[in-house]
Amino acid sequence: QVQLVESGGGLVQAGGSLRLSCAASGRTFSNYGMGWFRQAPGKEREFVATITSSGGFKLYADSVKGRFTISRDNAKEAVYLQMNSLKPEDTANYYCAAGRTPMASTRIDNYDYWGQGTQVTVSS
């Protein structure tokens, strides 16, 4: 069974930075694409960023492009989300997800496994 455990969330002022981490276990991490999604209260879960199994290709939501960076370390079986220039509208619970294939995907239904989430709160 695949397990994903996020960490690194917290409270930060607008303009600040946070780095989220997601530790994976349970299958060969380097074979699968990974993604980050977020969900704010009263809203649907939305795509944030995704990365291929090799780390060679990445996609971002328009709302975070240029501010967030997704990366992975296959030796450590971890994926990261560096978040800079944070805005109050970035406030949400952030989820790490493991894909079904080596490819990157923006679609929620292309991910089989999800972490429990880590809360990010950005104050104005």
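In what follows, the structure referred to is the one given above.
Comments concerning the environment of phenylalanine 37
Alright, step 1. Its location among the elements puts phenylalanine 37 in strand β4 (residues 34–39).
Alright, step 2. Taking relative accessible area as the criterion, phenylalanine 37 reaches 0% and is therefore assigned buried.
Alright, step 3. Along the backbone, phenylalanine 37 and asparagine 74 are 37 residues apart, and their C-alpha atoms lie at a distance of 20 Å.

Side note on the state of the cysteines
Alright, step 1. All chains considered together, the criterion is met by one disulfide.
Alright, step 2. A sulfur-sulfur separation of 2.1 Å characterises the disulfide bridge that pairs cysteine 22 with cysteine 96. One disulfide, between cysteine 22 and cysteine 96, carries an S-S torsion of -70 degrees and so falls in the left-handed class. With cysteine 22 in strand β3 (residues 18–25) and cysteine 96 in strand β9 (residues 92–99), this pair connects stretches of sequence that are 74 residues apart. Per residue, the accessibility class of cysteine 22 equals that of cysteine 96, and both read buried.

Regarding the side chain of asparagine 93
Alright, step 1. Relative to the helices and strands, asparagine 93 is located in strand β9.
Alright, step 2. Residue asparagine 93 is classed as buried on the basis of its relative accessible area of 18%.
Alright, step 3. Filtering out sequence-adjacent residues up to four positions away, asparagine 93 remains in contact with Phe37, Arg38, Gln39, Gln116, Gly117, Thr118 and Gln119.

Considerations on the pairing of β4
Alright, step 1. Across the six residues of β4, five count as buried, placing the element largely inside the fold.
Alright, step 2. In the sheet, β4 pairs with strand β5 (residues 46–51) via five bridges, with the strands oriented antiparallel. Paired with glycine 35 across the two strands is threonine 50, which belongs to β5.
Alright, step 3. Inspection of the sheet shows β4 paired to β9 by six bridges, in the antiparallel sense. Among the inter-strand pairings, tryptophan 36 is bridged to a residue of β9, identified as cysteine 96.

Some points on empty space enclosed by the protein
Alright, step 1. This structure, assessed with the given rule, holds one cavity of 30 Å³ or more.
Alright, step 2. What the largest cavity holds in volume is close to 50 Å³.
Alright, step 3. Along the walls of the largest cavity sit Val2, Leu4, Ala24, Ser25, Gly26, Arg27, Phe29, Met34 and Ala98, which together make up its complete lining.
Alright, step 4. Here the residues of the lining of the largest cavity sort into six nonpolar, two polar and one charged.

A closer look at the sheet that holds strand β8 (residues 78–83)
Alright, step 1. Spatial strand order, β1-β3-β8-β7: four strands in an open sheet with antiparallel pairing. Looking at the sheet topology across the chains shown, the edges are occupied by β1 (3–7) and β7 (68–73). Put simply, the sheet's adjacent strands are angled 15 degrees from each other on average, direction ignored.
Alright, step 2. Of the strand pairs in this sheet, β1 and β3 are connected by five bridges, and their pairing is antiparallel. When the bridges of β3 are listed, leucine 4 appears paired with alanine 24.

Observations regarding the pairing of strand β11 (residues 118–123)
Alright, step 1. Side chains Thr118, Val120 and Val122 project from β11 onto a buried face, and the interleaved Gln119, Thr121 and Ser123 project onto a face without burial.
Alright, step 2. The pairing of strand β2 (residues 10–13) with β11 spans four bridges and is classified as parallel. What sits directly across from glycine 10, in β11, is valine 120.
Alright, step 3. Bridge count between β9 and β11: three bridges; the pairing is antiparallel. Along β11, the bridge assignment pairs alanine 92 with valine 120.

Cut-offs applied
- Residues numbered from 1 in each chain as written.
- Predicted model: local features only at pLDDT ≥ 70, side-chain atom pairs only at ≥ 80, totals over all residues.
- Heavy atoms only, no water.
- Helix = DSSP H or I, 4+ residues; strand = E, 2+ residues; numbered from the N terminus.
- Buried < 20%, exposed > 50% of the residue type's maximum accessible area, 1.4 Å probe, protein only.
- Disulfide = S-S within 2.5 Å.
- Contact = heavy atoms within 4.5 Å.
- Pairing = 2+ DSSP bridges.
- 1 Å grid on protein atoms, 1.4 Å probe; cavity = no way out; pocket = protein on both sides within 12 Å on 5 of 7 lines; lining within 4 Å.
- Points joined across faces, edges and corners; volume = space filled by probe spheres on them.
- Nonpolar A, V, L, I, M, F, W, Y, C, P; charged D, E, K, R; others polar.
- Axes fitted to C-alpha atoms, helices over the stretch in contact; angles between N-to-C directions.

Shape is all these values report; function is a separate question.
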